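Below are the chains, spelled out letter by letter.
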Amino acid sequence: MANPSVPSRLPERRTRRAVPLLFAALAFAVPASATPAGEPATVDLTYKVYGGGLLILSLDTKAELGGGRYKIASNVATEGLVDRLFHGRLTSRAHGALTGTGPQMERYVQDYKGRFGDRSIDMTLAADGTYDVEAKPEDGGAIEQGVLDPKAAVGAVDPLTASIHAVLSGAERPCAATVPVFDGRRVYDLDFSMQATDSLEPRVAGEFAGTAWRCTVVYKPKSGYAREWHIRRAKDPLKPATVWLARFDGAENGAGETQSFLLPVRLQISSAYFDAVAHLTHASIDGRQLIASAEDTGD
């Protein structure tokens, strides 16, 4: 699967304390087939992220799911004023197996180049269930890196694979999961819980309209965080993110059954310094458009 290059930049330093939860929520923005052993499906999604009413980020993600395998590529780019102030690029990709107990990552690669220094992660699953990680720089660079307990990462998945893990429960149990995540430097839990059903109205053409499940996502650090990070978090706690999920039907499989997908259609995160809302503006499954952006429609 192609991994298109899209630039990524981050907000000013004081807002970075909210960035881990923002990207944890955005990592959720990858679909999962309700029938992972069926025919492979290709899903293409685009999200637009707004802060203070201004467009600040875009997220493009592509996934191939089915036949017992998955591949994901995710790319983040800043827009507008943030783009001019904080130039950079963030790309991530992962692949692995879809098993009866959930997805299992085999390799995860992330690259960031920009305002806060170049960083990269390349990790693979070892035979004993641990991870072989090559991180540059080793000390985390701009990241406040703490001591990582290798045992804490056993059984965890990478951020992209976590998105599949969280939605494999399907429409019968939306947002009913606690997912352990290892990003190559830190281990944390994403705790999903369903709150209510809402009827969403679009703000502009191309955004989702209809019924969606409203869920909360709590970011819980476990290992690899510096003391300074915990002190800052105590003064400015990370608030739970909110995600709205909607069900979409794809094409029929070989058995004449329709594959269903739970897609995040809206994401919301806030802190004392950073507020952002992400909207799903383009979605297609095997080339069939489910949501068309303003660019797609020419509006």
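As the structure is a prediction and not an experimental result, all values here were calculated from the model.

Criteria and cut-off values
- Residues numbered from 1 in each chain as written.
- Predicted model: local features only at pLDDT ≥ 70, side-chain atom pairs only at ≥ 80, totals over all residues.
- Heavy atoms only, no water.
- Helix = DSSP H or I, 4+ residues; strand = E, 2+ residues; numbered from the N terminus.
- Contact = heavy atoms within 4.5 Å.
- Buried < 20%, exposed > 50% of the residue type's maximum accessible area, 1.4 Å probe, protein only.
- Polar contact = N/O pair within 3.5 Å; in protein donor to acceptor, adjacent residues only side chain to side chain.
- Salt bridge = Lys/Arg side-chain N within 4 Å of Asp/Glu carboxyl O.
- pLDDT = per-residue confidence, 0-100.
- Phe/Tyr/Trp six-rings, centres within 6.5 Å; stacked < 30°, edge-to-face > 60°.
- Lys NZ or Arg CZ within 6 Å of the ring centre and 35° of its normal.
- Core = buried A, V, L, I, M, F, W, Y, C linked by side-chain atoms within 4.5 Å.
- Pairing = 2+ DSSP bridges.

*Asks:* Explain the side chain of Ser-284 to me, using residue names and the numbers behind them.
*Replies:* Turning to its location among the elements, Ser-284 is positioned in strand 13 (residues 275-285). Every residue in contact with Ser-284, bar those within four places of it in the chain, is listed here: Thr-42, Val-43, Asp-44, Gln-289 and Leu-290.

*Asks:* Tell me about the environment of Tyr-70, and name the residues and values.
*Replies:* Of note, Tyr-70 is situated in strand 3 (residues 69-78). Among the residues examined, Tyr-70 registers a relative accessible area of 0% and is labelled buried. Residues Tyr-70 and Ala-41 lie 29 residues apart in sequence; the distance between their C-alpha atoms is 9.5 Å. For Tyr-70, the side chain forms a polar contact with the main-chain nitrogen of Met-105, separated by 3.4 Å.

*Asks:* Talk me through the pattern of salt bridges; I want residue IDs and the actual numbers.
*Replies:* In total, this model carries seven salt bridges according to the counting rule given. The partner of Lys-71 in a salt bridge is Glu-64, with the nearest N and O atoms 3.5 Å apart. For Lys-71, a relative accessible area of 32% translates into the label partly exposed. Residue class for Glu-64 comes out partly exposed when judged on its relative accessible area of 28%. Put simply, Lys-220 and Asp-191 hold a salt bridge, and the shortest N to O gap is 3.2 Å. One end of the pair, Lys-220, is in strand 10 (residues 210-223); the other, Asp-191, is in strand 9 (residues 187-200), with 29 residues separating them in the sequence.

*Asks:* Pulling in residues and values, what's your account of the confidence of the model for the protein chain?
*Replies:* Put simply, the protein chain has an average pLDDT of 77, and 74% of its residues get 70 or more. The model gives residues 1-21 a pLDDT under 50, and that stretch makes 81 contacts with residues more than four places away or in other chains. Overall, residues 27-37 carries pLDDT values under 50, and its contacts beyond four positions in sequence, including any with other chains, amount to 50 contacts.

*Asks:* Give a description of the packing of aromatic side chains that names residues and reports values.
*Replies:* Tallied over the full model, the rule gives four aromatic pairs. Measuring from centroid to centroid gives 5.6 Å for Tyr-131 and Phe-182, while their planes differ by 50°, and the two rings are tilted. Residue Tyr-131 is located in strand 7 (residues 131-136), and its partner Phe-182 is located in strand 8 (residues 177-182); the two are separated by 51 residues in the primary sequence. Judged by relative accessible area, which is 3%, Phe-182 ranks as buried. When the ring of Tyr-219 is compared with that of Tyr-225, the centres are 6.5 Å apart and the planes differ by 85°; the resulting orientation is edge-to-face. The exposure class assigned to Tyr-225 is buried, which follows from its relative accessible area of 7%. The ring of Trp-244 has Arg-266 lying over it, and the distance from NZ or CZ to the ring centre is 5.8 Å.

*Asks:* Run through the side chain of His-279, naming residues and quoting values.
*Replies:* Residue placement: His-279 occurs in strand 13. Excluding anything up to four places from it in sequence, His-279 contacts Thr-46, Tyr-47, Lys-48, Tyr-50, Arg-203, Glu-207, Val-265 and Arg-266.

*Asks:* Help me get a handle on the environment of Val-181, residues and values and all.
*Replies:* Relative to the assigned elements, Val-181 resides in strand 8. By relative accessible area, which is 0% here, Val-181 ends up buried. Through-space distance from the C-alpha of Val-181 to that of Val-154 is 9.6 Å; in sequence the pair is 27 residues apart. Excluding residues that lie within four positions of it along the chain, Val-181 makes contacts with Ala-156, Val-157, Asp-158, Pro-159, Ala-162, Arg-186, Val-187, Tyr-188 and Leu-190.

*Asks:* So what's going on with the nonpolar core? Which residues, and what values?
*Replies:* If you look at the biggest cluster of nonpolar residues, it comprises 67 residues, and the most contacted ones within it are Phe-208, Val-265 and Leu-280. Counting residues per element, this core draws most heavily on strand 11 (residues 241-252), at six residues. Dropping the residues within four chain positions of it, Val-265 is found in contact with Leu-200, Phe-208, Ala-212, Trp-244, Ala-246, Phe-248, Ala-278, His-279 and Leu-280.

*Asks:* Outline the pairing of strand 6 (residues 119-125), listing residues and values.
*Replies:* When strand 5 (residues 102-114) meets strand 6, the two strands line up antiparallel, connected through six bridges. From the neighbouring strand, Tyr-108 faces strand 6, where its bridge partner is Met-123. Here strand 5 folds back onto strand 6 in antiparallel fashion, the turn holding four residues, of which Gly-117 has a positive phi close to 90°. Relative to strand 7, strand 6 runs antiparallel, the two being bridged by six bridges.

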